[in-house]
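# A structural walkthrough
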Amino acid sequence: MHTADRVFGGRNAKRMAAMRHHVSIAPRPLYLMFLTHLSCTSCGLHHDWAKLQNLCTACRKPLFAVYDLEQAGRALKRDALLTRAEKSLWRYRELLPVPIETSPVSLSEGGTPLLRAGRFGASLQMQNLWIKDESQNPTQSFKARGMSVAVSMAKHLGASKLVAPSAGNAGGALAAYAARAGVEAHVFMPRDTPRANIIECRELGACVTLIDGLITDCAAEIGRRKENWFDVSTLKEPYRIEGKKTLGYELAEQLNWELPDVIIYPTGGGTGLIGMWKAFDEMEKLGWIGKKRPRMFSVQAEGCAPIVRAFEAGENSAAEFPDARTLAAGLRVPKAIGDFLILNILRQSNGGAIAVNDEEMIRVAAEVASSEGLFVAPEGAACFAALRSLLSSGKISPNESVVIFNTGSGIKYLDCYDS
Ligand SMILES: *Cc1c(COP(=O)(O)O)cnc(C)c1O
């Protein structure tokens with residue numbers, strides 16, 4: 001039970017009793033939540049949160065949810081989390097959209113373990129290596145976080161048909177949450193998306209369209225279809241990132257409000273990275289953490305590394321990566337709409353960007369599996385490979401605390417591992 005549920009539980013019964021006894025009571029608040037508006041990440045223009053919408057109407061850039069953190073901080077104290085039974089990401093309800101009186105569309109996403117990578121760490125002389133294991137989410141990837149929040153909001157705001165392009169796991173998560181919400185899901189995927197993702201979407205009742213091309217071609221095809229569906233593409237829709245930011249809240253709570261020295265994150269659209277950074281800012285304003293930020297490292301595949309290229313070239317946005325190919329489907333994003341936000345975070349945090357080749361990912365995945373007991377997705381494995389390079393180039397020192405995000409499960413990629 002959430003604190004607010006307890007406080008406001010039975011409100012209607014009290015209201016009825018009050019009316020019977022002609023007692024005057026305060027008017028019922030329309031929405032009890034702390035989300036105030038959406039703000040453009042580029043031009044700052046404000047938008048009404050209570051409207052189905054995609055990008056900024058003025059500059060076509062992503063919108064961020066803004067909260068009244070002063071009020072939220074009064075409603076939810078950091079230490080009150082100790083007694084909160086909710087384990088899913090809705091544990092941070094006061095810092096999420098969806099009015100309190102509306103039940104979120106949930107499969108108990110989030111609340112994933114932060115595991116010490118003792119044996120793999122020891123092989124690198126590291127004592128403080130951690131894995132945030134996102135494969136334990138519903139639909140076996142961290143895409144569940146974003147979709148739980150986005151589908152909850154879309155349903156709340158009246159959408160009945162949702163659409164998204166997906167390179168893999170986003171489709172399955174959308175299909176699952178749409179099924180649970182009782183709304184339609186339409187998923188556009190590259191024809192060579194891992195089979196498990198395609199079958200999963202169909203079994204979950206989504207309408208799947210396979211496209212000869214990449215995720216960017218899928219997005220373009222969605223744009224051409226003149227359907228009255230609501231597009232929940234990451235960062236084109238303002239609430240998926242709210243789900244993903246809970247990675248940051250959970251990490252801080254699990255590390256007793258002391259962020260690690262380094263975060264290594266497999267970056268496609270960059271939503272997780274951007275979301276965590278947003279969470280860190282919110283938590284500092286709430287007084288939950290201090291000024292310290294981890295150095296953030298983006299890991300990409302050599303065959304699709306637009307952020308790495310732009311980072312190295314000192315650019316503020318990333319050109320589309322030509323002829324993108326990698327078997328890490330989640331990293332096969334040749335052009336990210338949040339590129340400027342990712343690059344800014346990597347530089348501000350004094351982190352970096354690094355590319356790994358596919359053979360290395362597959363090789364390291366087996367090492368992680370046999371030393372840590374985790375059958376990781378190639379995207380997660382890429383981070384372990386990147387860690388090795390960053391240690392040997394001296395960008396990370398072995399005595400630092402490092403958190404790697406294993407964003408998905410190897411079980412969805414049997415075609416990649418079966419060779
Ligand atoms: C989508 C995905 C990614 C990339 O996530 P972003 O937050 O969009 O950068 C990484 N790994 C897996 C397994 C994914 O499904």
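Quantities reported herein were computed from a predicted structural model and do not represent experimental measurements. (Residues numbered from 1 in each chain as written. Predicted model: local features only at pLDDT ≥ 70, side-chain atom pairs only at ≥ 80, totals over all residues. Heavy atoms only, no water.)

Contacts to the ligand come from 17 residues, most closely from Lys143, Tyr265, Gly268, Gly270 and Thr407. In this structure, an oxygen atom belonging to the ligand sits 3.1 Å away from a main-chain N or O atom of Gly269. Gly270 places a main-chain nitrogen or oxygen 2.6 Å from an oxygen atom of the ligand. Protein chains bury 96% of the 380 Å² of accessible surface belonging to the ligand in isolation. Of all the secondary-structure elements, those providing two or more residues to the shell around the ligand are strand 10 (262-266) and helix 11 (271-286). Class assignment of the residues belonging to the shell around the ligand gives a composition of 4 nonpolar, 10 polar and 3 charged. (Near = heavy atom within 4 Å. Polar contact = N/O pair within 3.5 Å; in protein donor to acceptor, adjacent residues only side chain to side chain. Areas by Shrake-Rupley, 256 points an atom, 1.4 Å probe, with all protein chains shown as cover. Helix = DSSP H or I, 4+ residues; strand = E, 2+ residues; numbered from the N terminus. Nonpolar A, V, L, I, M, F, W, Y, C, P; charged D, E, K, R; others polar.)

How big an interface is tends to be stated in terms of the accessible area lost upon association of its parts. When cut into domains, the protein chain gives domain 1 (1-27), domain 2 (114-140 + 240-417) and domain 3 (143-231). Placing a centre on the C-alpha atoms of domain 2 and another on those of domain 3 gives a separation of 24 Å. Contact residues are listed per partner, giving 23 residues for domain 2 and 25 residues for domain 3. Roughly 2000 Å² is buried in total at the junction of domain 2 and domain 3, and carbon and sulfur atoms are behind 55% of that figure. In this structure, the connection of domain 2 to domain 3 is made through 4 salt bridges. A salt bridge links Arg145 to Glu250; the shortest N-O distance between them is 2.9 Å. There are 6 residue pairs in polar contact (both at pLDDT 80 or more) connecting domain 2 and domain 3. Listing elements by their share of the side of domain 2 that touches domain 3, those giving two or more residues are helix 9 (240-244) and helix 10 (246-254). When residues of the side of domain 2 that touches domain 3 are assigned to their parent elements, the largest contribution, 4 residues, is made by helix 9. (Domains from an automatic or database assignment. Contact = heavy atoms within 4.5 Å. Buried area = accessible area lost by both parts, 1.4 Å probe. Salt bridge = Lys/Arg side-chain N within 4 Å of Asp/Glu carboxyl O.)

This brings us to the sheet that holds strand 4 (residues 114-116). Judged by pairing direction, the sheet is mixed, and its 6 strands sit side by side in the order 4-5-13-10-11-12 without closing on themselves. Among the strands making up the open sheet, the edge pair consists of strand 4 and strand 12 (352-356). Each strand of the sheet is rotated relative to its neighbour by a mean of 25°, with strand direction disregarded. Bridge count between strand 5 (residues 129-133) and strand 13 (residues 402-406): 5 bridges; the pairing is parallel. Bridged to Trp130 within strand 13 is Val403. Running over the sheet, helix 10 touches strand 4, strand 5, strand 10 and strand 13 and is turned about 135° from strand 13. (Pairing = 2+ DSSP bridges. Axes fitted to C-alpha atoms, helices over the stretch in contact; angles between N-to-C directions.)

Each aromatic ring pair is specified by the distance between its two centres and by the angle formed by the two planes. Considering all chains together, one arrives at 9 aromatic pairs under this definition. Between Phe142 and Tyr265, the aromatic rings sit 6.1 Å apart at their centres with planes inclined by 65°, giving edge-to-face as the arrangement. Highlighted residues: Phe142 in the loop between strand 5 and helix 5 (143-156) and Tyr265 in strand 10, separated in sequence by 123 residues. For the pair Phe142 and Tyr265, one class covers both residues: buried. (Phe/Tyr/Trp six-rings, centres within 6.5 Å; stacked < 30°, edge-to-face > 60°. Buried < 20%, exposed > 50% of the residue type's maximum accessible area, 1.4 Å probe, protein only.)

A word on the environment of Leu162. Within the secondary structure layout, Leu162 lies in strand 6 (residues 161-165). Separated by 45 residues in the primary sequence, Leu162 and Cys207 place their C-alpha atoms 10 Å from one another. Sequence-distant contacts of Leu162, that is, excluding residues within four places in its chain, are made with Val151, Ala154, Leu174, Val183, Glu184, Ala185, His186, Phe230 and Val232.

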